Amino acid sequence: MRKVDPLIELQQLDLALDRARERRHQVVEAMKHREDLDAAAAALAEAERDLRRWEGEQRELELELGRLTAKKEADEARLYAGTVRNPKELEGLAKEVEQQKALVSRCEDRLLACYDEVERARRLVRQQQEAYARAEAAWRTRQEALGAERDQLHREIRDLEARRAALVARADPASLR
């Protein structure tokens, strides 16, 4: 065996160690990245905020519709009860009831549109929940694969370091210098 052969083998081991360490570093860094999962979580949170906003709007419109309807019904009851005898007052009350009917109708239209938006927002939340579940499953699968590769690289590095230490012990100290 030539004196240079252990040095060549040592150099090859050092190169293999450098590659394994670099790859292990890349794998560890890759395990830190969660951009897809974070983006899916952000999209889900945005969809949930939108749903809560539309549900709040729906509740407000339902309350407003209830208030407007109660006022209209009370004024209609007064109008048709015969308690108002003054023709001008009766005419004013009739106009007010007509205006209230128009307000109720507009409020109902807005409420129907709001119901559509709530349903759209609920569908979007379900879609985003599914997208998040898929992103999380993909992230977990990737983490498992990267973790397995990292563990394999740890073992490989330990083996290479052990082989290197054994080679250094056998090599001629003068050649190593």
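This write-up is about the structure you can find in this document. (Residues numbered from 1 in each chain as written. Predicted model: local features only at pLDDT ≥ 70, side-chain atom pairs only at ≥ 80, totals over all residues. Heavy atoms only, no water.)

### Focus: the overall build of the protein chain
(1) Moving on: Across its full length, the protein chain holds 4 helices and 0 strands.
(2) Moving on: When the elements of the protein chain are put in sequence order from the N terminus, they spell out α-α-α-α.
(3) Moving on: The 177 residues of the protein chain split such that 26% are buried.
(4) Moving on: Across the protein chain, contacts joining residues at least 24 apart in sequence account for 87% of those joining residues at least 6 apart.
(5) Moving on: Summed over its atoms, the accessible surface of the protein chain is roughly 12200 Å², and 52% of this surface lies on carbon and sulfur atoms.
(6) Moving on: Side-chain charges of the protein chain comprise 36 positive and 38 negative groups, with the mean position of each set lying 4 Å from the other. (Helix = DSSP H or I, 4+ residues; strand = E, 2+ residues; numbered from the N terminus. Buried < 20%, exposed > 50% of the residue type's maximum accessible area, 1.4 Å probe, protein only. Contact = heavy atoms within 4.5 Å. Areas by Shrake-Rupley, 256 points an atom, 1.4 Å probe, with all protein chains shown as cover. Lys, Arg positive; Asp, Glu negative; His and termini not counted. Charge placed at Lys NZ, Arg CZ, Asp CG, Glu CD.)

### Regarding the environment of Asp75
(1) Moving on: With respect to the helices, strands and loops of the structure, Asp75 is situated in helix 2 (residues 35-81).
(2) Moving on: It is 8.5 Å that separates the C-alpha atoms of Asp75 and Ala94, two residues lying 19 residues apart in sequence.
(3) Moving on: Within polar-contact distance, the side chain of Asp75 engages the side chain of Gln100 at 2.6 Å. (Polar contact = N/O pair within 3.5 Å; in protein donor to acceptor, adjacent residues only side chain to side chain.)

### A look at helix 3 (residues 87-170)
Because each turn of an α-helix spans 3.6 residues, side chains separated by three or four positions end up pointing in the same direction.
(1) Moving on: The end-to-end C-alpha distance of helix 3, which contains 84 residues, comes to 120 Å, matching closely the 124 Å that a straight helix rising 1.5 Å per residue would cover.
(2) Moving on: N-capping of helix 3 is provided by Asn86, with a side-chain oxygen placed 3.0 Å from the backbone N of Lys88. (Expected span 1.5 Å × (residues − 1).)

### Quick notes on helix 2
(1) Moving on: End to end, helix 2 covers 68 Å across 47 residues, agreeing with the expected 69 Å (1.5 Å per residue, within 8%).
(2) Moving on: Positive phi appears at Gly82, one or two residues downstream of helix 2, with a value of about 85°.

### Details of the pattern of salt bridges
(1) Moving on: Under the counting rule described, the total for this entry stands at 22 salt bridges.
(2) Moving on: The partner of Lys71 in a salt bridge is Asp75, with the nearest N and O atoms 3.2 Å apart. In this pair, Lys71 and Asp75 both sit in helix 2, 4 residues apart, roughly one turn of the helix.
(3) Moving on: Among the charged side chains, a salt-bridge network with shared partners connects Lys71, Asp75, Arg78, Glu89 and Glu96. (Salt bridge = Lys/Arg side-chain N within 4 Å of Asp/Glu carboxyl O.)

### Side note on the packing of helix 2 against helix 3
(1) Moving on: Between helix 2 and helix 3, the least distance of the axes is 7 Å, while the angle of their chain directions is 160°. Looking at the two axes, helix 2 sits roughly antiparallel to helix 3. Classified by chirality, the crossing of helix 3 by helix 2 is left-handed.
(2) Moving on: Here the residues of the contact of helix 2 with helix 3 sort into 30 nonpolar, 5 polar and 21 charged. (Axes fitted to C-alpha atoms, helices over the stretch in contact; angles between N-to-C directions. Parallel < 35°, antiparallel > 145°, perpendicular 65-115°, else oblique. Left-handed = near helix turned anticlockwise from the far one by under 90°. Nonpolar A, V, L, I, M, F, W, Y, C, P; charged D, E, K, R; others polar.)

### Here's the deal with the side chain of Gln100
(1) Moving on: Examined against the element boundaries, Gln100 turns out to sit in helix 3.
(2) Moving on: Excluding its chain neighbours within four sequence positions, the residues that come into contact with Gln100 are Lys71, Lys72 and Asp75.

### So, the state of the cysteines
(1) Moving on: Tallied over the entire structure, the rule returns 0 disulfides.
(2) Moving on: Looking at Cys107, it has no disulfide partner, and the nearest cysteine sulfur is the one in Cys114, 10.0 Å off.
(3) Moving on: Residue classification places Cys114 among the buried residues on the basis of a relative accessible area of 2%. (Disulfide = S-S within 2.5 Å.)

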